[in-house]
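Chain by chain, the residues run as shown.
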Amino acid sequence: DIVFCNSETPVAGESLGLGGYPTFNAPTEFARDLSGAAGCNLVNMANNHIYDKAQAGVDQSRQVWENLGVTVSGANRNQIEQNTVSYVTKNGITVAFVAFADFSNQQGYEPYSINLYHNALLVEKLMNEARSNADVVVVSAHWGIEDSHVVSEDQTRTAHLLSDLGADVIIGTGPHVLQKVENRKGKLGNSTLIWYSIGNMLNTQLAA
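Residues numbered from 1 in each chain as written. Predicted model: local features only at pLDDT ≥ 70, side-chain atom pairs only at ≥ 80, totals over all residues. Heavy atoms only, no water.

1. A few points about the state of the cysteines
Moving on, step 1. Under the definition given, this model contains 1 disulfide.
Moving on, step 2. Note on cysteine connectivity: Cys 5 is disulfide-linked to Cys 40, with sulfurs 1.9 Å apart. Where Cys 5 bonds to Cys 40 through sulfur, the torsion about that S-S bond is close to -65°, and the disulfide is left-handed. Separated by 35 residues along the polypeptide, Cys 5 in strand E1 (residues 4-6) and Cys 40 in the loop between helix H1 (28-35) and strand E2 (42-44) bring together distant segments of the chain.
Moving on, step 3. On the basis of relative accessible area, Cys 5 is assigned to the buried category, the value being 13%.
Moving on, step 4. By relative accessible area, which is 2% here, Cys 40 ends up buried. (Disulfide = S-S within 2.5 Å. Helix = DSSP H or I, 4+ residues; strand = E, 2+ residues; numbered from the N terminus. Buried < 20%, exposed > 50% of the residue type's maximum accessible area, 1.4 Å probe, protein only.)

Pasting the structure below:
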C-alpha cells in the first residue's frame, strides 16, 4: 500500500534544463512513471542533489509530485511547508513521513529549502509532531559515505537519535550500496527498524 522511493534528482522538467551528473534534473515523465508504473507514493526529496537547480528546481519538483498525488517530504518551498509533517492514511493506519539529509552539493539555499538533520530544533519539532499524530512514523535519512558498506559514526548517532524520538522505520539512502539493518528499542518504547542504506534500484549518470 505504501511504496517508498528516493528520487535523487529534481524532477523539474525541461524548463530548467535537463541534466545528468554532476548537476541533475530529470524530465517530469520520470516522476510520472515512478509514481505510475513503479508505484512510488512516498518520495524522499531530502538529498544532496535536490538543490541542483536551485530553489526553482525544488519548487517545481514538489509541484510535479503533488500533481501526481504523491506524498513527499524533505525539501520545501517555504518555512510553513518545512514545519509541516506529511501524512498518509492506508487501511485505517496513519503514517507520518519525515525526511532529512546530511548536506547539499549546492550552496546558497534558504534554511527552509532542505531538511538537514544537523538542525536539532527542526528534527525534534517534526519528530515530536509526527509521533503525536500517527500510528507509524517513517523517517528517510540521506547520509553516509558513498560506495561504503560500513555504517559511519554519524549515521549510527543520527539513527539512534531518531529512534529515541519515536521513529518506527528509518530508511537510509546516500551510500548507493547496501548496508546493515538494525533493530533497536527507542526511549519511547518503540521498536525501530533501521535500514542504513537500501542501495540503488535504478542508476544512470549521464554526463551533463
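2. What about unusual backbone geometry?
Moving on, step 1. In this structure, the amide linkage connecting Tyr 21 to the following residue, Pro 22, adopts the cis form with an omega of 5°.
Moving on, step 2. Summarising the element assignment, Pro 22 is placed in the loop between E1 and H1.
Moving on, step 3. A positive phi angle, close to 50°, is found at Asn 91, a residue other than glycine.
Moving on, step 4. Position of Asn 91 among the secondary structure elements: in the loop between strand E4 (86-90) and strand E5 (93-101).
Moving on, step 5. Judged by its relative accessible area of 66%, Asn 91 falls in the exposed class.
Moving on, step 6. The phi dihedral of His 176 falls on the positive side, at around 70°, and the residue is not glycine.
Moving on, step 7. Relative to the helices and strands, His 176 is located in the loop between strand E7 (169-173) and strand E8 (181-185).
Moving on, step 8. Looking at His 176, the relative accessible area reads 22%, which means it is partly exposed.

3. Examining the sheet that holds strand E6 (residues 136-142)
Moving on, step 1. The 6 strands are arranged E4-E5-E6-E7-E9-E8 in an open sheet whose pairing can be described as mixed. Single-partner strands in this sheet number two, and they are E4 and E8. Neighbour-to-neighbour, the strand axes of the sheet open up by a mean angle of 20°, direction not taken into account.
Moving on, step 2. Sheet topology places E4 next to E5; 5 bridges connect them, and they run antiparallel. Looking at the pairing, Thr 89 lines up with Thr 94 of E5.
Moving on, step 3. Of the strands in this sheet, E4, E5 and E6 are in contact with helix H4 (residues 120-133), which crosses E5 at around 170°.
Moving on, step 4. Contacting E5, E6, E7, E8 and strand E9 (191-195), helix H5 (residues 153-164) runs over the sheet at an angle of about 40° to E8. (Pairing = 2+ DSSP bridges. Axes fitted to C-alpha atoms, helices over the stretch in contact; angles between N-to-C directions. Contact = heavy atoms within 4.5 Å.)

4. Notes on the pairing of E7
Moving on, step 1. Counted residue by residue, E7 has 4 buried out of 5 residues, so it is predominantly covered.
Moving on, step 2. Note: E6 against E7, 5 bridges, orientation parallel. The residue bridging Val 139 from the neighbouring strand is Ile 170, located in E7.
Moving on, step 3. For the segment spanning E6, H5 and E7, crossover handedness is right-handed. (Right-handed = clockwise from strand over helix to strand, strands pointing away.)

5. Describing the pattern of salt bridges
Moving on, step 1. Taken as a whole and assessed by the stated rule, the structure comprises 8 salt bridges.
Moving on, step 2. For Asp 168, the salt bridge identified is with Arg 131, shortest N-O distance 2.8 Å. In this pair, Asp 168 is assigned in the loop between H5 and E7 and Arg 131 in helix H4, connecting sequence segments 37 residues apart.
Moving on, step 3. Relative accessible area serves as the criterion here: at 16%, Asp 168 is assigned to the buried category.
Moving on, step 4. When salt bridges that share partners are traced, they join Arg 62, Glu 66, Arg 77 and Glu 81 into one network. (Salt bridge = Lys/Arg side-chain N within 4 Å of Asp/Glu carboxyl O.)

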